[in-house]
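# Fold and contact review
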Amino acid sequence: MDTSLLTALMREGASFVLQLTSRVKEPKITPMESEPPEHALERLYPRIELSPEETVKLEAAHKAMEAVEAELESQKEVKEEAVARGTACLPCTTDHLSTCAGLLSDEAVRMAHRNGLNDPEVQRRIMACSDQLNALEREDLSIDKIAGLPKEEKEIALYAQSKSADIRHMINGIKSVEDLENIALEVKQTRNKVGADYLKVRLRK
């Protein structure tokens, strides 16, 4: 599942739960002698009555969180298996690219338009993206690790490695905000292609 989709599901579920909890009134701390514990809990934390529509939303939020947890566990297993085999890690690759795309998001471009490339936050984001790509090429997409991949995954890894190197060179030569816009677009497109191609391979297994 795409990282951005996981994030959206988690954000939507958390938002709905917060809406429900905001309806809980402050507990009334008034000790009562000989009150059964279950009655005390009911008095302190009364149940929230849900409408049929809210019940459906809550169930959907619960299922979405279960899907998120299952996908994260699946990605963890794939990463651990790749490390154990000593092969290139494509889920790790998409993580690095996603992080880089987030660093050079529309917000970073807006800051650059407003304050120029000398803005400390803009420069921090650019350098952090470069660090992500360096780590990607040195660790997850080193030649010896790519060699151990199946044919289809190897093609994806080689493409990602090549594009990562191209983007790093673009970063090293950045001179204008327009250059930053082009880099941000290149990172996003690369992340989308690598993620989509790898997902297709996984679904065929």
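Heads up: the structure comes first, above all this text.
Residues numbered from 1 in each chain as written. Predicted model: local features only at pLDDT ≥ 70, side-chain atom pairs only at ≥ 80, totals over all residues. Heavy atoms only, no water.

The next subject is the environment of M170. Examined against the element boundaries, M170 turns out to sit in helix 8 (residues 151-172). Judged by relative accessible area, which is 31%, M170 ranks as partly exposed. Sequence-distant contacts of M170, defined by excluding residues within four places in its chain, comprise N182, I183 and E186. (Helix = DSSP H or I, 4+ residues; strand = E, 2+ residues; numbered from the N terminus. Buried < 20%, exposed > 50% of the residue type's maximum accessible area, 1.4 Å probe, protein only. Contact = heavy atoms within 4.5 Å.)

A separate point is the packing of aromatic side chains. The geometry of two aromatic rings is summed up by the distance between their centres and the angle between their planes. Throughout the structure, instances matching the rule amount to 0 aromatic pairs. The aromatic ring of Y159 is capped on one face by K193, whose charged end is 5.3 Å from the ring centroid. (Phe/Tyr/Trp six-rings, centres within 6.5 Å; stacked < 30°, edge-to-face > 60°. Lys NZ or Arg CZ within 6 Å of the ring centre and 35° of its normal.)

Scanning all chains against the criterion turns up 7 salt bridges. Linking E155 and K151 is a salt bridge whose minimum nitrogen-to-oxygen distance equals 2.7 Å. Note that E155 and K151 are positioned in helix 8 at a spacing of 4 residues, about one turn of the helix. Classification of E155 as partly exposed rests on a relative accessible area of 46%. A salt bridge links D197 to K193; the nearest nitrogen and oxygen atoms lie 3.0 Å apart. (Salt bridge = Lys/Arg side-chain N within 4 Å of Asp/Glu carboxyl O.)

Attention now moves to the side chain of S130. Note that S130 resides in helix 6 (residues 120-140). According to the relative accessible area criterion, S130 is buried, its value standing at 9%. Sequence-distant contacts of S130, defined by excluding residues within four places in its chain, comprise R168 and I171.

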